[in-house]
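# Structural description and commentary
Here are the chains, one letter per residue:
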2 protein chains.
Amino acid sequence: MNDFIFYNPCKVYFGKSQLKHLPEELLHYGKMVLLVYGGGSIKKNGLYEAVTRLMMENGFPWVELAGVQANPRHTVINKGTAICREKGVEVILAVGGGSVIDSAKGIAATAVSEYSDVWELVKVSASVEKALPIIVLLTSAATGSEMNTWSMVSNVETNEKKCLGGPGLLPKVAFENPEASFSLSKYQTACGGFDILNHVLDNYYFAGDSTFEITLELQEAVMRTAAKFTPIAVENPNNYEARANLMWASSLALSNILGDMHHGACHAIAHELSAYYDITHGHSLAIITPRWLQYIMDEKTAPAISRLGKKVFGLDVELDPIVGAQKSIEAVNQFCFQILRLQSTLTELGISDESFEEMAHHACASFPNLTIPGLRSLTPQDVKSIYKMCL
Amino acid sequence: MNDFIFYNPCKVYFGKSQLKHLPEELLHYGKMVLLVYGGGSIKKNGLYEAVTRLMMENGFPWVELAGVQANPRHTVINKGTAICREKGVEVILAVGGGSVIDSAKGIAATAVSEYSDVWELVKVSASVEKALPIIVLLTSAATGSEMNTWSMVSNVETNEKKCLGGPGLLPKVAFENPEASFSLSKYQTACGGFDILNHVLDNYYFAGDSTFEITLELQEAVMRTAAKFTPIAVENPNNYEARANLMWASSLALSNILGDMHHGACHAIAHELSAYYDITHGHSLAIITPRWLQYIMDEKTAPAISRLGKKVFGLDVELDPIVGAQKSIEAVNQFCFQILRLQSTLTELGISDESFEEMAHHACASFPNLTIPGLRSLTPQDVKSIYKMCL
């Protein structure tokens, strides 16, 4: 059992009637606001109007960066950084899901750095200690970026998707109204739900350092919640209870409340699919995860995989861990491809094996000795084999 | 499902090798330290020497308040307050368990108030917004005071034990080394473990506002951990894994990570036993809890009580919630009096019914309409009946 430091000073206003607290929270951090958002969905569901009205009525001037897409581009972040410097932005208000929040984080870090290009900052790969303060209005349950210190940045010129992290990137405040996620499509809901589940799974028992029973218990509680409520939200988009459970699960899943979380094997492998083919992150995770489990399954990992099936998917206890592990993998398969009805192969998404070699190398590039750590560690050759299993 | 605000900016250093970070953390808050501790146990186990050496080597002057007892007295707190004012204390270092931390909180709040007597502050019953910063070195897994905004104060002159609470009372930093709890007696360990379990149980389903599935899941995870590891730590005091699980469970149990926690029915009823008879808090909880469950059991509460047995004590699913609830209560009884081997009646502790009327009134005094809220609310008459069941 490893020593750890727990620190999570993000304030969350959760529920239907919390937005009224936005002006008082903004005021703690500054007056000049950069409002970051994605496509037009927040204009359709009234959130844009509610937020801008509150800022207007309470005397907050703001500038906007709209049009943030999935897998946030470094070029968009650079645009936001330039706006911050030109307009003297003091606080960033991110209204959206993971991509919008991650973009806000990239901007927040770059704006107070010596760089004008976030990619320079990514390449330095130092911990981000300082950044502009970020306040989040969450509209999607998925990445957990609203309550953690991580962000992803995509460079579409070089097919790279990399991580920027550090305590400065933890949002100061997150507003989480589950109703704001009612308008997500069935596909987005399914992908987001699996992203939540995988954040925990990627840091579970298999990660090799999770032997703290209470943390495993908490991780299982969050995975069970994601597994239970994702199908309900897919079927009934306006089910408040399901949306609320998923939203809070999203925030908990990659926060250090569930242990010393980091991007694990599946995330490393899946990010390359988004970097090369711009496919939805949660979907690539759903395709990778059951193959990865199958690939790493051996006598050492079987007890952990078997426990996953028992605790998260409610399978009966199996005396033989190999049999239990095999049933667990079947349960994950069934969850992704029958219950959530996601397409199950890369081939169906139009992806062939042409870049697997390069992608596998990229996936391992940020780990010591080009090896993804875990109970069963993975070399580029292993990762390539896993990609092939997904065809 | 109610809206909620989540905010828990306490930094926890957990594990064997964290004490070296004490000087840097102290330095964030000041130089002049008040060191608060209890009996001599920290002198026996070397903690006192380690802490004072670190302060000496790093140039922190300090004054001491020693001899804090269980059920912390307002007179001791007043003594600490006077020291703070006289010596210009900037930061309070509490080395001990719940009583030491609660005393430190009373001192921290009173020292920056207009009062010299903490009981005046208690009587005002306002939320404590400001206090001297508190750093904790935890030696006992029980009250959760190390990571929450509450403290208890006992007035032995008036037989009153009351609550002081507010965001100012959250410790800034907590050092949690499970080894520091190795020297706890079997009795203290059993009482502490049940205190942890009851903090969650008192805010579980029965509290009437816990319908958020993910929170119930997290609560059950922590209760399971307490139920699993308390007997192990009682039998093997030096079992690091058991002590570690209990220590982190203690911190989580009454923090708002598990929901909008407050003192519930059992705590309100049990605190009077400590106020009148100075008995160990966790033991009074163990005596009260199964009787309280029996008393509130009806068609409305049975599903919640039945779920407790299934999820926390691993009972088989019962189709009839009344049968399931009855089995759950038996499991709680068995846990307290057979597994933890605590004495099961007030009579055995030398307590008769002479003050039950007055105690029952006190227990309800701080609730609107003299009624403890919950799925099954309780009047003073109900509380008196529960006390009688404990004879």
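Bear in mind the structure is a predicted one, so any value in this text is a computation, not a measurement.

### With respect to helix 8 (residues 213-235) of chain B
- The end-to-end C-alpha distance of helix 8 of chain B, which contains 23 residues, comes to 34 Å, matching closely the 33 Å that a straight helix rising 1.5 Å per residue would cover.
- Of all the bends in helix 8 of chain B, the greatest, near 30 degrees, is centred on B:Phe229, and the proline B:Pro231 appears no more than four residues after it.

### Points about the relation of the copies chain B and chain A
- Laying chain B over chain A is done by rotating through 180 degrees and shifting 0.0 Å along the axis; what remains is an RMSD of 0.0 Å. Here the copies are linked by what is in effect a two-fold axis. It is B:Pro9 whose C-alpha, among those of chain B, lies nearest the rotation axis, at 2.0 Å.
- Interface residue correspondence from chain B to chain A reaches 100%, placing this contact among same-surface, isologous pairings.

### Looking at the UniProt feature "domain: Alcohol dehydrogenase iron-type/glycerol dehydrogenase GldA" (unreviewed entry) in chain A
- As recorded in UniProt, the sites labelled "domain: Alcohol dehydrogenase iron-type/glycerol dehydrogenase GldA" (unreviewed entry) are residues 9-175 of chain A.
- Span residues 9-175 of chain A is 35% helix and 25% strand, its end C-alpha atoms 14 Å apart.

### What to know about the domain arrangement of chain A
All names here are of chain A.
- Each assigned domain of chain A is listed here: domain 1 (11-180) and domain 2 (186-389).
- Inter-centroid distance (C-alpha atoms) of domain 1 to domain 2 is 26 Å.
- The partner domain 2 presents 28 residues to the 28 residues of domain 1 that form the contact.
- A buried area of about 2,200 Å², summed over both sides, lies between domain 1 and domain 2, and 62% of it is on carbon and sulfur atoms.
- Applying the counting criterion to the domain 1 and domain 2 interface returns one salt bridge.
- With a closest N to O distance of 3.3 Å, Arg73 and Asp278 form a salt bridge.
- For the interface between domain 1 and domain 2, the tally reads eight residue pairs in polar contact (both at pLDDT 80 or more).
- Taken together, the elements giving at least two residues each to the side of domain 1 that touches domain 2 come down to strand 1 (4-14), strand 6 (150-155) and strand 7 (160-165).
- With three residues, strand 7 is the single largest residue contributor to the side of domain 1 that touches domain 2.

### A look at the environment of A:Val76
Residue and element names in this part refer to chain A.
- If you trace the backbone, Val76 turns up in helix 4 (residues 74-87).
- Sequence separation between Val76 and Gly106 is 30 residues, and the spatial gap between their C-alpha atoms is 9.6 Å.
- Setting aside its immediate chain neighbours within four residues, Val76 contacts Leu65 and Val68.

### Examining the nonpolar core
- Of all hydrophobic cores here, the largest spans 240 residues; its most connected members are A:Trp292 and B:Trp292.
- Each residue touching A:Trp292, except ones within four places of it in the same chain, is listed here: A:Leu201, A:Asp202, A:Phe206, A:Ala265, A:Cys266, A:Ile269, A:Leu378 and A:Ile386.

### A short note on the packing of helix 11 (residues 281-296) of chain A against helix 15 (residues 380-389) of chain A
Residues and elements named next belong to chain A.
- Interhelical geometry of helix 11 versus helix 15 gives an angle of 125 degrees and a closest axis separation of 9 Å. Here helix 15 runs oblique to helix 11, going by the angle between their axes. The handedness of the crossing between helix 11 and helix 15 is right-handed. Residues Ile288, Arg291, Trp292, Gln294 and Tyr295 of helix 11 touch helix 15, and the partners they reach there are Asp382, Ser385, Ile386, Tyr387 and Met389.
- Across the contact of helix 11 with helix 15, the residue classes break down as six nonpolar, two polar and two charged.

### Digging into the sheet that holds strand 5 (residues 134-138) of chain A
- Across the sheet, which stays open at both edges, the 12 strands sit in the order 3(A)-2(A)-4(A)-5(A)-8(A)-1(A)-1(B)-8(B)-5(B)-4(B)-2(B)-3(B) with mixed pairing between neighbours. Each of the sheet's edge strands pairs with one partner strand only, and the pair in question is strand 3 (62-65) of chain A together with strand 3 (62-65) of chain B. Across the sheet, the axes of successive neighbouring strands diverge by a mean angle of 20 degrees, strand direction being ignored.
- Note that strand 1 (residues 4-14) of chain B and strand 8 (residues 173-176) of chain B share four bridges and pair parallel. The residue of strand 8 of chain B that forms the bridge with B:Lys11 is B:Val173.

### Considering the packing of aromatic side chains
- Applying the stated rule across the entire model yields 26 aromatic pairs over all chains.
- Each ring, one from A:Phe14 and one from A:Trp248, has its centre 5.9 Å from the other, and the planes form 70 degrees; the classification is edge-to-face. Of this pair, A:Phe14 sits in strand 1 while A:Trp248 sits in helix 9 (residues 240-253), and the two are 234 residues apart along the sequence.
- Ring geometry for B:Tyr13 versus B:Phe175: centroids 4.9 Å apart, planes at 5 degrees, classification stacked. Here B:Phe175 lies in strand 8 and B:Tyr13 lies in strand 1, a separation of 162 residues in the sequence.
- Its relative accessible area of 2% is what places B:Tyr13 among the buried residues.

### So, the state of the cysteines
Residue and element names in this part refer to chain A.
- Under the counting rule described, the total for this entry stands at zero disulfides over all chains.
- Cys191 takes part in no disulfide bond, and the closest cysteine sulfur, belonging to Cys336, lies 9.9 Å away.
- Between Cys364, a cysteine without a disulfide, and Cys266, which holds the nearest cysteine sulfur, the sulfur-to-sulfur distance is 13 Å.

### Observations regarding the interface of chain B and chain A
- The interface of chain B with chain A comprises 38 residues on the first partner and 38 residues on the second.
- Roughly 3,300 Å² is buried in total at the junction of chain B and chain A, and carbon and sulfur atoms are behind 66% of that figure.
- Of the charged contacts in the structure, one is a salt bridge between B:Arg224 and A:Glu217, with a shortest N-O distance of 2.6 Å.
- Where chain B meets chain A, there are 14 residue pairs in polar contact (both at pLDDT 80 or more).
- Taken together, the elements giving at least two residues each to the side of chain B that touches chain A come down to strand 1, helix 8 and helix 9 (240-253) of chain B.

### Considerations on the pattern of salt bridges
Residue and element names in this part refer to chain A.
- Counted by the stated rule, this structure contains 23 salt bridges over all chains.
- The shortest N-O distance in the salt bridge between Arg307 and Glu213 comes to 3.2 Å. Within this pair, whereas Arg307 is found in helix 12 (residues 302-313), its partner Glu213 is found in helix 8 (residues 213-235), the two being separated by 94 residues in sequence. As far as burial versus exposure is concerned, Arg307 and Glu213 are alike and both buried.

### Regarding empty space enclosed by the protein
All names here are of chain A.
- Inspection of every chain in the model, using the stated rule, returns two cavities of 30 Å³ or more.
- In this model, the largest cavity occupies a volume close to 60 Å³.
- Every residue along the wall of the largest cavity is listed here: Ser140, Ala141, Ser181, Leu184, Gln188, Thr189, Gly192, Gly193, Arg243 and Leu246.
- It is helix 7 (residues 186-201) that contributes the most residues to the lining of the largest cavity, four residues altogether.
- When the residues that make up the lining of the largest cavity are grouped by side-chain class, the tally is three nonpolar, six polar and one charged.

### Considerations on the pairing of strand 2 (residues 33-37) of chain A
Residue and element names in this part refer to chain A.
- Within strand 2, five of the five residues are buried, leaving the element largely enclosed by the surrounding structure.
- Neither face of strand 2 is open: one carries Val33, Leu35 and Tyr37, the other Leu34 and Val36, and all of them are buried.
- Where strand 2 lies against strand 3, four bridges are found, and the strand directions are parallel. Following the sheet pairing, Leu35 is matched in strand 3 by Glu64.
- Bridge analysis of strand 2 against strand 4 (residues 91-96) gives five bridges, and the strand direction is parallel. The residue of strand 4 that forms the bridge with Val33 is Val91.

Basis of the calculations
- Residues numbered from 1 in each chain as written.
- Chains lettered and ligands numbered in written order.
- Predicted model: local features only at pLDDT ≥ 70, side-chain atom pairs only at ≥ 80, totals over all residues.
- Heavy atoms only, no water.
- Helix = DSSP H or I, 4+ residues; strand = E, 2+ residues; numbered from the N terminus.
- Expected span 1.5 Å × (residues − 1).
- Bend = angle between axes of the 7 residues up to and from the residue.
- Least-squares fit on C-alpha atoms with pLDDT ≥ 70 in both.
- Contact = heavy atoms within 4.5 Å.
- UniProt positions renumbered as here; feature names shortened; annotations may be inferred.
- Domains from an automatic or database assignment.
- Buried area = accessible area lost by both parts, 1.4 Å probe.
- Salt bridge = Lys/Arg side-chain N within 4 Å of Asp/Glu carboxyl O.
- Polar contact = N/O pair within 3.5 Å; in protein donor to acceptor, adjacent residues only side chain to side chain.
- Core = buried A, V, L, I, M, F, W, Y, C linked by side-chain atoms within 4.5 Å.
- Buried < 20%, exposed > 50% of the residue type's maximum accessible area, 1.4 Å probe, protein only.
- Axes fitted to C-alpha atoms, helices over the stretch in contact; angles between N-to-C directions.
- Parallel < 35°, antiparallel > 145°, perpendicular 65-115°, else oblique.
- Left-handed = near helix turned anticlockwise from the far one by under 90°.
- Nonpolar A, V, L, I, M, F, W, Y, C, P; charged D, E, K, R; others polar.
- Pairing = 2+ DSSP bridges.
- Phe/Tyr/Trp six-rings, centres within 6.5 Å; stacked < 30°, edge-to-face > 60°.
- Disulfide = S-S within 2.5 Å.
- 1 Å grid on protein atoms, 1.4 Å probe; cavity = no way out; pocket = protein on both sides within 12 Å on 5 of 7 lines; lining within 4 Å.
- Points joined across faces, edges and corners; volume = space filled by probe spheres on them.

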